[in-house]
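# Structural description and commentary
What follows is each chain in one-letter form.
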Amino acid sequence: MKKFIKVISASLAAVIVLGAVGGCDNHDRKKTNKYDVDLTGDDRTEYLSFGLDVLKANYNGGNQLVSPLSILTALTMVANGADGITLEEFEDVFGMSVDEANKYIYMLSKEFESSEDCKTNNANAIWVNEDYGIEFDKEYLNTMSEFYSSDVYKAEFNKSTEE
């Protein structure tokens, strides 16, 4: 499991997700949203716990820039590009299908954005090394746009990128 968490942690470098959450109250989360997703069901515990487990595994005693929501968002964005055994493994870890996870993350993010008790600002993007010639299919790009308000960007990933 530690090896899997390290591999997943490395994958987070490919997806930039910054979330700022502050002053969240435990307000009533209802199943009244765009995708009719239950945000409080027991079946969501495994998914949410995984985000916390990754955060704990990488905690070094200092301040953390990444939230469990950011971790889950990044991993779900990556999982949308998987298929076969890799997709099955993501869904096994999530405890739900990637389609369900997309809807869950979308609705959870929207709930935080619209709450008077809790405010978040999410910036989602996928960055790829243009040297690899990776092309994304239209369905993937549409999913990233619809659920994550995200685009795909290409860069050289060399010293000039750092400047």
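Residues numbered from 1 in each chain as written. Predicted model: local features only at pLDDT ≥ 70, side-chain atom pairs only at ≥ 80, totals over all residues. Heavy atoms only, no water.

The next subject is the packing of helix α3 (residues 68-79) against helix α4 (residues 84-94). Contact geometry of α3 with α4 gives a least axis separation of 10 Å together with a crossing angle of 150°. In this view, α3 runs roughly antiparallel relative to α4, as classed from their interaxial angle. Regarding α3 and α4, the two cross each other, and that crossing is left-handed. Contacts between α3 and α4 pair Leu-75, Thr-76, Val-78 and Ala-79 from the former with Leu-87, Phe-90 and Phe-94 from the latter. For the contact of α3 with α4, the residue count by class is six nonpolar, one polar and no charged. (Axes fitted to C-alpha atoms, helices over the stretch in contact; angles between N-to-C directions. Helix = DSSP H or I, 4+ residues; strand = E, 2+ residues; numbered from the N terminus. Parallel < 35°, antiparallel > 145°, perpendicular 65-115°, else oblique. Left-handed = near helix turned anticlockwise from the far one by under 90°. Contact = heavy atoms within 4.5 Å. Nonpolar A, V, L, I, M, F, W, Y, C, P; charged D, E, K, R; others polar.)

Let's shift gears to α4. For α4, the set of buried residues is Phe-90, Val-93 and Phe-94. One face of α4 carries all of its buried residues, which in axial projection span an arc of 100°. Exposed residues pointing more than 90 degrees away from the buried face of α4 are listed as Ile-85, Glu-88 and Asp-92. The positive-phi residue at the C-terminal boundary of α4 is Gly-95, with phi of around 75°. (Buried < 20%, exposed > 50% of the residue type's maximum accessible area, 1.4 Å probe, protein only. Arc of directions from axis to C-beta.)

The phi angle at Ser-149 is positive, at roughly 50°, despite the residue not being glycine. Topologically, Ser-149 is positioned in the loop between α6 (138-148) and β3 (151-155). A positive phi angle, near 55°, is found at Phe-157, a position not held by glycine. Relative to the assigned elements, Phe-157 resides in the loop between β3 and α7 (159-162).

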